[in-house]
Amino acid sequence: MTIGHISELPDVPLAGTSASKVYTLALRSEYVDVQRCVRELGISEAEAAVAVDHLVRLRLLHLVHGCTYAYVAVDPLSASQQLLAVQEEALRQRAQSVERLRQQMHSLLPLYRANLADAPQQPPVQRVEDAQAARGILATVTAGAKREILLSLPTEDPWEEDTADPEHGPWPRYAGTRPDLLKVLLPEAARFDVRVRERAESLHAHAGEVRTSATPPAWLLVVDAEVAVVPVDGGPGLSVVHEPSVVTTLWHTLTGAWGQARPFDGRYDHDSARSASALIDESILRMLLNGLEDKVIARRLDISLRTCQRRIADLMDALGARTRLQAGYVLGRRLRTGERQAA
């Protein structure tokens, strides 16, 4: 089988469609054919033929042995095994072909270096604007990690795919085969997300680390302090940075935030929740004092604008302030006198 044999899979018929009605009739009958479908379902011969063909392609109908026109219903589990086995084998072969090509390309590196000794090994910045290619770049960059993979990540990962395989462990696109090297920095708000807690707990079990901070850096990845990845502003892509001075600066930014963040093993309790909530409120107050707009505060804290505005209103009530200006005055006075009030 070749890559070309990977074909588009037919859709499973929805309830109420002709194909669904034909399958239901087949389950309740000894057999079905086009004429029986027309007669008992009141659909046209053309509709019946299309529905039968669709079900045959899904392996949900199978010809009666020795017959060329009558079909019997097939168990969906058995049908799916028959249908997907071919596709899964094609995907395995495709993955092997991709890996083989990667190894062949890498085998040319000694030749390249020997003949272009003075040429730069990597461009200072490699911009990738295609989302699918960007995901591949992320997997490639992290696969070569030897010491550490530092990642600052929002609660909702922009590079996550619904088809991600949970068997590959937490955050597989970044951890690769070395989850023990992965250090993930998340916003405090992530502690309230069930999926994130499960991933943090799983990464902790794989010897990786997770920490939270009220205002961590925006999405940022640094591998071995040698290569950094940042998102493309205003687009779906990313930029891979190899320039040592820039990478070092980004690494210091991320390690500084990491050093001040709180460890998180995925467990959730009331004390931890109260602590996270207090840190979020403290950050809101500090940013309010600096005159930041609601939408900027919400973005930095990785919370929704509505949630941010509700918390601001609660904090103003706690301060006894009717306006932002009055809240800033009261807060500034308390900070100057050394008073710290829990929100």
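Computed from a predicted model, the values in this text were never measured in an experiment. (Residues numbered from 1 in each chain as written. Predicted model: local features only at pLDDT ≥ 70, side-chain atom pairs only at ≥ 80, totals over all residues. Heavy atoms only, no water.)

Undergrad: Explanation requested: the overall build of the chain in the structure shown.
TA: The helix and strand inventory of the chain stands at 13 helices and ten strands. Split into buried and exposed, the 343 residues of the chain put 37% on the buried side. A separation of at least 24 residues holds for 66% of the contacts in the chain among residues at least 6 apart in sequence. Accessible area of the chain: about 20,700 Å², with a carbon and sulfur share of 54%. (Helix = DSSP H or I, 4+ residues; strand = E, 2+ residues; numbered from the N terminus. Buried < 20%, exposed > 50% of the residue type's maximum accessible area, 1.4 Å probe, protein only. Contact = heavy atoms within 4.5 Å. Areas by Shrake-Rupley, 256 points an atom, 1.4 Å probe, with all protein chains shown as cover.)

Undergrad: Just checking my understanding: could you explain the pattern of salt bridges for this structure?
TA: Side-chain pairs of opposite charge can arise whenever the charged atoms involved come near each other. Applying the stated rule across the entire model yields 13 salt bridges. With a closest N to O distance of 3.6 Å, Arg36 and Glu40 form a salt bridge. Residue Arg36 and its partner Glu40 are both found in helix H2 (residues 34-41); the two are separated by four residues, about one turn of the helix. Take Arg36: its relative accessible area is 17%, and that puts it in the buried class. Among the residues examined, Glu40 registers a relative accessible area of 45% and is labelled partly exposed. One network of salt bridges, in which partners are shared, links Glu188, Arg191 and Arg262. (Salt bridge = Lys/Arg side-chain N within 4 Å of Asp/Glu carboxyl O.)

Undergrad: How should helix H4 (residues 76-106) be read in this particular structure?
TA: At 3.6 residues per turn, the α-helix brings residues three or four places apart onto the same side. The end-to-end C-alpha separation of H4 is 44 Å, in line with the 45 Å expected for 31 residues at 1.5 Å each. Buried residues of H4: Ala79, Leu83, Gln87 and Ala90, and no others. At its buried positions, H4 is contacted by helix H3 (45-57). (Expected span 1.5 Å × (residues − 1).)

Undergrad: What exactly am I supposed to notice about the pairing of strand S4 (residues 149-152) here?
TA: Going residue by residue along S4, you find Ile149 and Leu151 tucked away on one face and Leu150 and Ser152 tucked away on the opposite face as well. Of the pairings in the sheet, the one linking S4 to strand S7 (residues 220-223) comprises four bridges and is antiparallel in character. Its bridge partner being in S7, Ile149 is matched across the sheet by Val223. (Pairing = 2+ DSSP bridges.)

Undergrad: Just to check I follow, could you spell out the sheet that holds strand S5 (residues 182-187) for this structure?
TA: Read from one edge of the open sheet, eight strands run S3-S9-S8-S7-S4-S5-S6-S10, paired in mixed fashion. If you trace the sheet from one side to the other, it starts and ends with strand S3 (125-128) and strand S10 (262-263), each paired once. Bridge analysis of strand S8 (residues 227-231) against strand S9 (residues 238-241) gives four bridges, and the strand direction is antiparallel. Residue pairing across strands places Val229 opposite Val240, the latter belonging to S9.

Undergrad: Can you help me understand the packing of aromatic side chains in this one?
TA: Given two aromatic rings, one states the distance between the centres and the angle between the planes to describe the pair. Throughout the structure, instances matching the rule amount to one aromatic pair. A ring pair is formed by Tyr174 and Trp219, whose centres lie 6.4 Å apart and whose planes are at 55°; its orientation type is tilted. Taken together, the positions of Tyr174 in helix H7 (residues 172-175) and Trp219 in the loop between strand S6 (209-213) and S7 put the pair 45 residues apart, joining distant regions of the chain. Here Arg36 stacks its cationic end above the ring of Tyr31, 4.6 Å away from the centre of that ring. (Phe/Tyr/Trp six-rings, centres within 6.5 Å; stacked < 30°, edge-to-face > 60°. Lys NZ or Arg CZ within 6 Å of the ring centre and 35° of its normal.)

Undergrad: What should I look at first to understand the pairing of S6 in this one?
TA: Regular strands place side chains that alternate from one sheet face to the opposite one. A large share of S6 lies buried, amounting to four of its five residues. For S5 and S6, the ladder comprises five bridges, and the chain directions are parallel. Its bridge partner lying in S6, Pro187 is registered against Ser213. Chirality of the crossover, the property in question, places the unit of S5, helix H8 (residues 194-205) and S6 among those that are right-handed. (Right-handed = clockwise from strand over helix to strand, strands pointing away.)

Undergrad: I would appreciate a short explanation of the packing of helix H10 (residues 270-289) against helix H11 (residues 294-301) in the present structure.
TA: Relative orientation and spacing of two packed helices are given, respectively, by the angle between their axes and the distance between those axes. Packing of H10 against H11 leaves a shortest axis separation of 10 Å and a crossing angle of 145°. In this structure, H10 crosses over H11, and the sense of that crossing is right-handed. Packed against H10, whose contacting residues are Ile280, Ser283, Ile284, Met287 and Leu288, the element H11 presents Ile297, Arg300 and Leu301 at the interface. Across the contact of H10 with H11, the residue classes break down as six nonpolar, one polar and one charged. (Axes fitted to C-alpha atoms, helices over the stretch in contact; angles between N-to-C directions. Left-handed = near helix turned anticlockwise from the far one by under 90°. Nonpolar A, V, L, I, M, F, W, Y, C, P; charged D, E, K, R; others polar.)

Undergrad: For this particular structure, what's the right way to read the packing of H10 against helix H12 (residues 305-319)?
TA: Where H10 meets H12, the axes come as close as 11 Å, and the angle between the chain directions of the two elements is 80°. Comparing their axes, H12 and H10 come out roughly perpendicular. For the pair H10 and H12, the contacting residues are Ser277, Ile280, Asp281, Ile284, Leu285 and Leu288 in the first and Arg311, Ile312, Leu315 and Leu319 in the second. A breakdown of the residues in the contact of H10 with H12 according to their chemical character gives seven nonpolar, one polar and two charged. (Parallel < 35°, antiparallel > 145°, perpendicular 65-115°, else oblique.)

Undergrad: How do you make sense of the environment of Thr177 when you look at a structure like this?
TA: Among the structural elements, Thr177 can be located in the loop between H7 and S5. Considered as a pair, Thr177 and Ala143 are 34 residues apart in the sequence and their alpha carbons are 7.1 Å apart.

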